[in-house]
Structures are given as C-alpha cells and as structure tokens.
There are 2 protein chains.
Amino acid sequence: MVVNESMYQLGSVRSAIRELFEYGKKRAAIVGKENVYDFSIGNPSIPAPQIVNDTIKELVTDYDSVALHGYTSAQGDVETRAAIAEFLNNTHGTHFNADNLYMTMGAAASLSICFRALTSDAYDEFITIAPYFPEYKVFVNAAGARLVEVPADTEHFQIDFDALEERINAHTRGVIINSPNNPSGTVYSEETIKKLSDLLEKKSKEIGRPIFIIADEPYREIVYDGIKVPFVTKYYDNTLVCYSYSKSLSLPGERIGYVLVPDEVYDKAELYAAVCGAGRALGYVCAPSLFQKMIVKCQGATGDINAYKENRDLLYEGLTRIGYHCFKPDGAFYMFVKALEDDSNAFCEKAKEEDVLIVAADGFGCPGWVRISYCVDREMIKHSMPAFEKIYKKYNK
Amino acid sequence: MVVNESMYQLGSVRSAIRELFEYGKKRAAIVGKENVYDFSIGNPSIPAPQIVNDTIKELVTDYDSVALHGYTSAQGDVETRAAIAEFLNNTHGTHFNADNLYMTMGAAASLSICFRALTSDAYDEFITIAPYFPEYKVFVNAAGARLVEVPADTEHFQIDFDALEERINAHTRGVIINSPNNPSGTVYSEETIKKLSDLLEKKSKEIGRPIFIIADEPYREIVYDGIKVPFVTKYYDNTLVCYSYSKSLSLPGERIGYVLVPDEVYDKAELYAAVCGAGRALGYVCAPSLFQKMIVKCQGATGDINAYKENRDLLYEGLTRIGYHCFKPDGAFYMFVKALEDDSNAFCEKAKEEDVLIVAADGFGCPGWVRISYCVDREMIKHSMPAFEKIYKKYNK
C-alpha cells in the first residue's frame, strides 16, 4: 500500500452511526421521510440562538474586514479568552483569566491537542469510562498512546471505581470523563467527582506523577430538571477542560471551542506551552476568527434546551410505558435503552425492519444497550411509538 | 517533564517572525506607529472582496440555521466541492468533480493531512526546495517523517535540479513545492514544472513507488504582470494540491481550504480514503460549515491584487534605486533582498536600529537574504525609504 495503512482504514471504514444515517436518507427516499424514524445521529435539532446570527451579521457589517478575518494569535484573541474566563468565573466562582484558555476548533481538536500534549511515549495510557464516545480511541491513538476502557456501571451510569482503580498503573496519563455523557445521558454526581478526585490524588502520589482528568464537556449546558454539573477544576487540580460550542450554541459544523488549563495544574506554564505546541503540530493555526469574535457576545446563550427536555420526556414515558428498560437521562440528548436481546446489533436490525434507526452501544463499549438520539423532530418521536411497540412485541408475544 | 517535550518546545519557542511582529507593536507604542516600518508578517493587508461579507450576511439571514451551522460530511459539502471542481475546470481545462476534493481548515491543515496520509514509516522523507515556509518541518515531523532541504537557486529562485536529484532516494515520499513562493515571490516556470515532472517520473520508476508532488498553493491567484502559474496536475499525475482561501479572499483567520486528489494519482480511492482518515486522526471533524457555504458563491473572487502589485513596484524600485540587490517577485506578497553582510541576522539587527523590521531568511533555508512582506500600508513603504537608505549607508560609507 502506497499510503499509510491505518489512515486508509480510518478513512474507508465509515462509523456505524454515519452508515445508519446514510441508510436512513436512502430509505426515506423509498418509503417517505415521515415513515423513517431516524434516531441515529447527534446533530442538534434546534436552531442557534438568535444572538449568534445577529452577532455574525453585525460583525461582517461593522467590523473592519481585515481585522475580522485576519489571523488571531495562535492561542486565540485575548478579548475572546477574557470574555470566556469572566463568564466561567461568574458561573462557577472560579478565578480564571485569558491565559488559562486556548481557543480550538471544537471538542475533537481540544481532545486531540490534550492527548498530544500529554503523551510522551508509546506506553502512555488514557482511561475512558464506558459507555464512551468511540472517537476517543482515534484521537488517543493518533497521539501515540493507548486507550484503556473501564466497563460501564449499567445501574447508575456513574463510575465503577474498583474497575477504574484496577486499570490505573504507572503508564496512566489521564482519565477522560464526559458528563453530561454521550451516549448514556448521565451526569456525574458531586459524590462521583469527589471520589474520582480522591482516587486520582492517591494514585498520582503512588506513581509519582500527576494523572490528569480530561473533562470533555460539550454538553455542559444541556441538562434538565435543574440538575447541577459539578465543575471539575474545583475538585481536582490536574484537570483540563475540553469545551465546544457545538451543542450549546447549535453550531457543530463551525468548529469552535477551547481547552481550559487552570493555574492549579502541575507546572501550568509548561503544560500550557505544550498545548500551544500540540495545536501547532496538528496544523491548527488559529480557531476561526469570526466565530471567536462572535463568542465574545454569546457567552451564556444557548438554544432552547427545553425542547430537548420535552423530547426526552415524551420518549422516556412512551418507551417505558411499552415496557422498555430506559436509563432516564439527566442531560445531553441521548437515551440509553436496554436491548431486548443480548446481541444489541441483532436487536437494532429488528428495529430497522420497522424503519426505526437506533445505534447498538457495542461501539460505545456497552454491549446489550442501544443509543437513541432525541435531538430530532418531536412529531417523529410521537409517530415512532407504534413502531417501537411492534418491535417490543417481537420479543414479548 | 510531565508533558511531551517536543510539544513543549514547539509551544514555547515563538517563531522569529512572530517575535519581531510583537516587538514592532511594543516599539510603536514608544516611538509612534508611523515611525516603525514593520515588514515582518504575511497577514493580507487588503480587505476581503465585498462578496465574502455580503454572502455571509445573506446566509445567516436566509439559510436555515440548523442546516447552515450543522455538521457537513467529513470531506465537505458536496455543493461546495462541486462548485470548486467546476471553477477549476473552467479555469484550467481540467476534469475534476466533487470526489476529487476534501475540504480542510486551510493550508496548514491540508499539508498536515497529506503528510500524515503518505507517511508509513519513520524513514519516510519529504523534500522541500529552499527558500521555504519553515512550518513545513513542523508538519512533516508531526506526521512522523523527515524534511530534507534542497538549497536555493539564488539566481532565479527556480529549482536546482542537480541538488534535488542528489537528495531523492528510496525513502522519498514527496516533494513540496510552493509557487508563487513564500518567501521569495518566485513563480515556477512551465519549464521548471516539466523538468520536475520528468525527474520525478524517472525516479519513481527507479525506486518502484510513486513520489508525490505536494503543491502548496495559497498564493495561486496573487501574481502580477499577467504571469501564468502552471497548474501542476496537468504536468504530473501524482500531484496533491493543497489550497487555502486565506490569501486570495483575505481571510487567513477563518481557516478554509482544500486538498485536491486528482483521479490520475496512483490508486486514487486508497489515497482519498487516507486523506479522509488523516483528517479524522488529526481531529478535523469538518471544515467550518458557514465558510464552506460562502465559498460556493465566491469562486474566482479575490481581493484587490493590484494593490499588492503597486506595493511591490514601489518597494522594488525604491530599494533598487538605493542600491539593494532585490529579486523581483512574480507573485505572493514578499520580496527577497540580499543582506548587506553575510550574516543576515546581524543585518536585520542593523535594520532594527532604524525601526525597519525585516526577517532574516536563515529560517527559510536561505542564509544571506532577508524577506520583506509588502502586504502593508502603502504609505509605510514610502516613508520607510529614508530608513532603508540609512541602513545602506552603514555598509557603503
């Protein structure tokens, strides 16, 4: 093979989710869009808050074009970083400033940069807690490290601490957490974050170097029923926060986010420099300038999160009534449902026969479960219920 | 060190250009902006063509927000890719379609992706022709390969083919060319491209695998006096074109460009897949969606290139009259000038004493020369002439 074989593999094997999504589009062309219940993909279904488009319009109208579209410094415009720091401080009672932030092209970039900055040799390991976003493996491997999986706590979808402790060793560089979680919709409780912090402090001492928490938080604002998402840097010093505006501002295609490097991390100056260096090595010159400037005005704005909550309630009540075992999500826009047979792929195939497109959770490290994305049209949820009932009856005659 | 040491180095050692640029800003605060002649940086000084901002305004006003800001497919919107293919075909008489294009976040991303897609082992080499853009080394090394330098042809700034041939071996994966060139402003002639193609065809046969041309072309449209830039895919099959709209549309901060993979390359399907895979591995999810959609309407638009030409003429005539030996640039917005002593860093220091900020070309692989960016305010060029004369007189009393 003339090209790099693993790059070829990565580029030619489409993700199962993407595959299903494409199938849904083809199927809709045959049986009609209204007869396909596509719960496959996590593309926000609510529009960006009005202030996003208004601000963009204002910027291209009034702002000096050369400055608006010009290079920003590699770590991002200082105004943008200062505005984010101020917003975080007001919201969480923290004490960040512009120098704690590095602007990126979204969460995938933030994560890739952190893994690259922290990986020193091929034995380095990052731990992920199932169920987890499968691209973590791609990003960790691309950085030259190994991804280690902790099996899911399928009762509460918090963390199985015994299983986690077993997997920590001298090669552990960090633990990735993702709360609110894709795909389970769980939010880690304060108790979980405290236990995690205690464990990692103990283990860091044991192995003689810091184990980092990499907090992947694109869903931070998407929570229901007034639930609080503990802000991890307040519990554990060696925390890097990877954030994206994709979900909160409903602009996943625009690629804007940040890495937060608190002063409290071990040798902050060194780590921040390594983050800058990793961004440079990955070919990220600067985060898109127009969106950086837009962000200044849109701190704290979100799309209509209540729309997701109503979708969740409708789906949860509907499926529970039929007889499905669902984990009630506290946040994000995914629901985790137990497959009606051990082989969740086979279950998803049976669902597909009724034009219900849902994703087997094997790829998320949690066999026996399925993920249902409810960032969809509400009417589709309503109309899908008879199909879900039909599927249920296949197993419960 | 807790972090990756080379990432730390990359992030903490600021580029000499950036350093000089920051010095210029500080110095301006002391002696006044009008008394500092900053020719250090390559940030386009002319605004984006009006159609860019008009189109963005239209899109955020009229386009469905969810679709506008949503994920595009990883390789980019098919409409965008089709529009680019059509424009290239109309301009160059080629036969591309959407499937020959992969949208990226600008030239740095395009290059990083190509190097990553083509690098299979640690002995792989990419060749660059001096003078060259220093970040090539960063991107090639990040892909796990080695950058090999061919010394400059300082007479015509074409290619020293004997020196190039000497450096090609069984490990050579590609030759990077950058025409119009940063930093020399040269445009490779058709004769040069033909000779290069012949040599690489011969050498590919010898080593038994294709040697690729990676054509880095962000300055393709920025040429003067009606000079033609040969379109490399028409001369050599195994060509990958890395393009960015940063310079042509004056939006370097927005990060939008593409990789062009012609049908004629060796095993196109495999190579295109590897490009997609490398994009995924580097954490590029998709190129910014709003800018992808803007690009559809802005094919062929450019900023006022004549402004750069007038700057070039003013600078070239002014410096030549004083007595400097200048290479007259055919394109881009840099002029290459021979330093007045062998040590070009020392020469730049002498220039700095007169508040003239120019960049020693050692970092571009071409010691003894300096780079002068003329994407600057025209008045500054005019006012800088007495200072350039003073510097000249230091060496010619």
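Residues numbered from 1 in each chain as written. Chains lettered and ligands numbered in written order. Predicted model: local features only at pLDDT ≥ 70, side-chain atom pairs only at ≥ 80, totals over all residues. Heavy atoms only, no water.

## Observations concerning the domain arrangement of chain A
Residues and elements named next belong to chain A. For chain A, the assigned domains are domain 1 (3-47 + 301-394) and domain 2 (68-294). The C-alpha-based centres of domain 1 and domain 2 are spaced at 26 Å. Tallying the contact residues gives 29 residues for domain 1 and 33 residues for domain 2. Both faces considered, domain 1 and domain 2 share a buried interface measuring about 2,400 Å² in area, 64% of it formed by carbon and sulfur atoms. When the buried surface of domain 1 facing domain 2 is broken down by residue, Phe327, Asp330 and Phe364 rank first, second and third, together holding 25% of it. The residue Lys309 makes a salt bridge to Asp225 at a minimum N-O spacing of 3.3 Å. (Domains from an automatic or database assignment. Contact = heavy atoms within 4.5 Å. Buried area = accessible area lost by both parts, 1.4 Å probe. Salt bridge = Lys/Arg side-chain N within 4 Å of Asp/Glu carboxyl O.)

## Thoughts on the UniProt feature "domain: Aminotransferase class I/classII large" (unreviewed entry) in chain A
Under the UniProt annotation, "domain: Aminotransferase class I/classII large" (unreviewed entry) lies at residues 35-383 of chain A. Between the C-alpha atoms that bound residues 35-383 of chain A there is a distance of 8 Å. The span itself is 39% helix and 15% strand. (UniProt positions renumbered as here; feature names shortened; annotations may be inferred. Helix = DSSP H or I, 4+ residues; strand = E, 2+ residues; numbered from the N terminus.)

## Observations regarding helix H9 (residues 190-207) of chain B
Residues and elements named next belong to chain B. Here H9 is 18 residues long and its end C-alpha atoms lie 26 Å apart, about the 26 Å a rise of 1.5 Å per residue gives. Within the sequence span of H9, burial applies to Thr192, Ile193, Leu196, Ser197, Leu199, Leu200, Lys203 and Ser204. The inward-facing, buried residues of H9 abut helix H8 (161-167), strand E5 (172-177) and strand E6 (212-216). Remark: Gly208 follows H9 within two positions and exhibits a positive phi of approximately 80 degrees. (Expected span 1.5 Å × (residues − 1). Buried < 20%, exposed > 50% of the residue type's maximum accessible area, 1.4 Å probe, protein only.)

## A word on the pattern of salt bridges
Close approach of charged atoms allows side chains of opposite charge to pair. Counting across every chain of the model gives 50 salt bridges over all chains. Ionic pairing is found between Glu353 of chain A and Lys394 of chain A, a salt bridge with its closest N-O pair at 2.9 Å. Taken together, the residues Glu353 of chain A in helix H13 (residues 344-353) and Lys394 of chain A in helix H14 (residues 378-395) connect sequence positions 41 residues apart. Glu353 of chain A gets classed as exposed once you look at its relative accessible area, which sits at 54%. Classification of Lys394 of chain A by relative accessible area gives partly exposed; the value is 24%. Where Asp355 of chain B meets Arg27 of chain B, a salt bridge forms, and the shortest distance between an N and an O atom there is 2.6 Å. Here Arg27 of chain B lies in helix H2 (residues 16-31) and Asp355 of chain B lies in the loop between helix H13 (344-353) and strand E11 (356-357), a separation of 328 residues in the sequence. For Arg27 of chain B, a relative accessible area of 24% gives the class partly exposed. Salt bridges linked by common partners bring Glu165, Lys202, Lys203 and Glu206 of chain A together as one network.

## Things to note about the relation of the copies chain B and chain A
Between the two chain copies there is a screw-like relation: a rotation about an axis and a shift along it. In the superposition of chain B on chain A (RMSD 0.0 Å, axial shift 0.0 Å), the rotation amounts to 180 degrees. Such a combination of turn and shift is consistent with a two-fold rotation axis. Among all C-alpha atoms of chain B, that of Lys57 of chain B lies closest to the rotation axis, at 2.7 Å. Interface overlap between copies: 100% of the residues of chain B at the interface are likewise at the interface in chain A, consistent with a symmetric, same-surface contact. (Least-squares fit on C-alpha atoms with pLDDT ≥ 70 in both.)

## A few points about the packing of helix H3 (residues 50-62) of chain B against helix H11 (residues 289-297) of chain B
All names here are of chain B. At a closest axis distance of 9 Å, the pairing of H3 and H11 adopts a crossing angle of 120 degrees. Considered as vectors, H3 and H11 are oriented oblique to each other. You can see that H3 and H11 cross each other, and the crossing is right-handed. In contact with Ile51, Val52, Thr55, Ile56, Glu58, Leu59 and Val60 of H3, H11 contributes Leu290, Phe291, Lys293, Met294 and Lys297. A per-class count over the contact of H3 with H11 returns eight nonpolar, one polar and three charged. (Axes fitted to C-alpha atoms, helices over the stretch in contact; angles between N-to-C directions. Parallel < 35°, antiparallel > 145°, perpendicular 65-115°, else oblique. Left-handed = near helix turned anticlockwise from the far one by under 90°. Nonpolar A, V, L, I, M, F, W, Y, C, P; charged D, E, K, R; others polar.)

## Quick look at the interface of chain B and chain A
On the chain A side, the residues contacting the 74 residues of chain B number 75 residues. For the pair chain B and chain A, the summed buried surface comes to about 6,000 Å²; carbon and sulfur atoms form 59% of the total. Among the residues chain B hides against chain A, the three largest losses belong to Val2, Tyr71 and Arg280 of chain B. Together they make up 13% of the total. Run the count over chain B and chain A and you get two salt bridges. Between Glu135 of chain A and Arg280 of chain B there is a salt bridge, with the nearest N and O atoms lying 2.6 Å from each other. Applying the counting rule to chain B against chain A returns 32 residue pairs in polar contact (both at pLDDT 80 or more). (Polar contact = N/O pair within 3.5 Å; in protein donor to acceptor, adjacent residues only side chain to side chain.)

## Notes on the sheet that holds strand E4 (residues 146-150) of chain B
Residues and elements named next belong to chain B. Taken together, the seven strands give an open sheet; going across it, the order is E2-E8-E7-E6-E5-E3-E4, and neighbouring strands pair in mixed fashion. Lying at the two open borders of the sheet, with one neighbouring strand each, are strand E2 (101-104) and E4. On average, adjacent strands in this sheet sit at an angle of 20 degrees to one another, irrespective of strand direction. One ladder, built from four bridges, connects E5 with E6; its direction is parallel. Residue pairing in the sheet places Val175 in a bridge with Ile213 of E6. Across the sheet, helix H7 (residues 135-142) is in contact with strand E3 (125-129), E4, E5 and E6; its angle to E4 comes to roughly 145 degrees. H9 contacts E5 and E6 of the sheet and is inclined by roughly 170 degrees relative to E5. (Pairing = 2+ DSSP bridges.)

## Digging into the packing of aromatic side chains
Both the distance between ring centres and the angle between the ring planes are used here to describe each pair of aromatic rings. For the coordinates displayed, the defined rule picks out 40 aromatic pairs over all chains. With centroids separated by 5.5 Å and ring planes inclined at 15 degrees, the aromatic side chains of Phe336 of chain B and Trp369 of chain B adopt a geometry described as stacked. Of the two residues, Phe336 of chain B sits in strand E10 (residues 334-338) while Trp369 of chain B sits in strand E13 (residues 369-373), which places them 33 residues apart along the sequence. Owing to a relative accessible area of 0%, Phe336 of chain B belongs among the buried residues under this scheme. Residue Trp369 of chain B is classed as buried on the basis of its relative accessible area, which comes to 4%. Every member of this aromatic cluster is reached through a ring pair, and the members are Phe39, Tyr324, Phe388 and Tyr392 of chain A. In this structure, Lys352 of chain A packs its charged tip against the face of Tyr23 of chain A, placed 4.4 Å from the ring centre. (Phe/Tyr/Trp six-rings, centres within 6.5 Å; stacked < 30°, edge-to-face > 60°. Lys NZ or Arg CZ within 6 Å of the ring centre and 35° of its normal.)

## Details of the sheet that holds strand E2 (residues 101-104) of chain A
Residues and elements named next belong to chain A. Strand order in the open sheet made by the seven strands is E2-E8-E7-E6-E5-E3-E4, with mixed pairing throughout. Each edge of the open sheet carries a strand with a single partner, namely E2 and strand E4 (146-150). Adjacent strand axes in the sheet meet at a mean angle of 20 degrees when their direction is disregarded. The pairing of E2 with strand E8 (residues 257-260) spans four bridges and is classified as antiparallel. Considered in E8, the bridge of Tyr102 is made with Val259.

## Things to note about the layout of surface pockets
Empty space among the atoms becomes visible once a probe the size of a water molecule is rolled across them. All names here are of chain A. Estimates place the volume of the second largest pocket at around 1,200 Å³. If you trace the second largest pocket, you find 34 residues lining it, with Phe21, Lys25, Lys33, Asp38 and Asn43 closest to the centre. Per element, the largest residue contribution to the lining of the second largest pocket is six residues, and it comes from helix H2 (residues 16-31). Here the residues of the lining of the second largest pocket sort into 13 nonpolar, nine polar and twelve charged. (1 Å grid on protein atoms, 1.4 Å probe; cavity = no way out; pocket = protein on both sides within 12 Å on 5 of 7 lines; lining within 4 Å. Points joined across faces, edges and corners; volume = space filled by probe spheres on them.)

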